[in-house]
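Listed here are the chains, written in short residue letters.
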Protein chains: 2
Amino acid sequence: MKVRILVSFKDSVLDPQGQTVKNALHTLGYGAVRDVRQGKVFEIDLAGVSRAEAETIVPEISDKVLANPIIEKFAWQIIEE
Amino acid sequence: MKVRILVSFKDSVLDPQGQTVKNALHTLGYGAVRDVRQGKVFEIDLAGVSRAEAETIVPEISDKVLANPIIEKFAWQIIEE
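Residues numbered from 1 in each chain as written. Chains lettered and ligands numbered in written order. Predicted model: local features only at pLDDT ≥ 70, side-chain atom pairs only at ≥ 80, totals over all residues. Heavy atoms only, no water.

Summing up the model confidence of chain A, the mean pLDDT is 96 and the portion of residues at 70 or higher is 100%. This prediction of the complex comes with two scores: 0.93 for pTM and 0.92 for ipTM. (pLDDT = per-residue confidence, 0-100.)

Below you can see the structure in the form of structure tokens.
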């Protein structure tokens, strides 16, 4: 089973990387860009794991390893059974 | 309109960050993890842009600024009209 996990800063946390990208896009003439938030994406291939097990494992992994729960949030979905 | 752009290494390119995460997860006892690929995600808020315009602007921005087309690929979707 393949899962995709998106990790990004909480809305209340400043995102300097996103700001830098926004400024670069403005400089290049893309004035329509109002805001940019940058985060990380993980695609994880899990072997022999049921949907119910994934619902336990994936949030656990995300909280322990992939995201820093103090400043980051995560969202995940199954992309391949 | 909000768009989400996922940037990740092409399948033929080694992903040392993903490997490191995989090893960390194995060490923590998550033996079911067969593979991890890590990438970047950008959420961009575009002001006053139609769907047709987004279909021009977003791939352009992705190719020029967000991804390195030699080693990275991108995928995008509209997440909010």
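After that view of the structure, there is still more to cover.
Interfaces are often described in size by the accessible area the parts lose on coming together. Listed as interface residues are 30 residues of chain B and, on the opposing side, 30 residues of chain A. In this assembly, chain B packs against chain A so that about 2,700 Å² is buried in total across both faces, 65% of it on carbon and sulfur atoms. Interface area lost by chain B to chain A is led by B:Tyr30, B:Val41 and B:Asp45, which between them contribute 20%. Put simply, chain B and chain A have two salt bridges between them. The partner of A:Arg34 in a salt bridge is B:Asp45, with the nearest N and O atoms 3.3 Å apart. Where chain B touches chain A, the interface holds 14 residue pairs in polar contact (both at pLDDT 80 or more). Contributing elements (two or more residues each) for the side of chain B that touches chain A: β1 (2-9), α1 (16-27), β2 (33-46) and α2 (51-66) of chain B. Tallying contributions element by element places β2(B) first for the side of chain B that touches chain A, with 14 residues. Its residues assigned to classes, the side of chain B that touches chain A comprises 19 nonpolar, two polar and nine charged. Relative to β2(B), strand β2 (residues 33-46) of chain A runs antiparallel, the two being bridged by 13 bridges. By the bridge assignment for β2(B), A:Lys40 is matched with B:Lys40. (Contact = heavy atoms within 4.5 Å. Buried area = accessible area lost by both parts, 1.4 Å probe. Salt bridge = Lys/Arg side-chain N within 4 Å of Asp/Glu carboxyl O. Polar contact = N/O pair within 3.5 Å; in protein donor to acceptor, adjacent residues only side chain to side chain. Helix = DSSP H or I, 4+ residues; strand = E, 2+ residues; numbered from the N terminus. Nonpolar A, V, L, I, M, F, W, Y, C, P; charged D, E, K, R; others polar. Pairing = 2+ DSSP bridges.)

Taken in spatial order, the six strands line up as β3(A)-β1(A)-β2(A)-β2(B)-β1(B)-β3(B) in an open sheet, and their pairing is antiparallel. For this open sheet the edge positions go to β3 (72-80) of chain A together with β3 (72-80) of chain B, each flanked by a neighbour on one side alone. Within the sheet, the average angular offset between the axes of one strand and its neighbour, ignoring direction, is 25 degrees. Here helix α2 (residues 51-66) of chain A sits on the sheet in contact with β1 (2-9), β2 and β3 of chain A together with β2 of chain B, set at roughly 145 degrees to β3(A). This element, α2(B), spans β2 of chain A together with β1, β2 and β3 of chain B of the sheet and lies at about 145 degrees to β3(B). (Axes fitted to C-alpha atoms, helices over the stretch in contact; angles between N-to-C directions.)

Moving on, we come to the environment of B:Asn68. Residue and element names in this part refer to chain B. The residue Asn-68 is located in the loop between α2 and β3 in this model. Assessed through its relative accessible area of 34%, Asn-68 is described here as partly exposed. It is 9.0 Å that separates the C-alpha atoms of Asn-68 and Phe-9, two residues lying 59 residues apart in sequence. (Buried < 20%, exposed > 50% of the residue type's maximum accessible area, 1.4 Å probe, protein only.)

Moving on, we come to the pattern of salt bridges. Per the counting criterion, the structure on display carries 10 salt bridges over all chains. Linking A:Glu81 and A:Arg51 is a salt bridge whose minimum nitrogen-to-oxygen distance equals 2.3 Å. Placement of the pair is A:Glu81 in the segment after β3 and A:Arg51 in helix α2, with a sequence separation of 30 residues. Residue A:Glu81 is classed as exposed on the basis of its relative accessible area of 62%. Among the salt bridges present, the one from B:Glu72 reaches B:Lys40, with a minimum N-O distance of 3.7 Å. Within this pair, whereas B:Glu72 is found in strand β3, its partner B:Lys40 is found in strand β2, the two being separated by 32 residues in sequence. Given the relative accessible area of 13%, B:Glu72 is considered buried.

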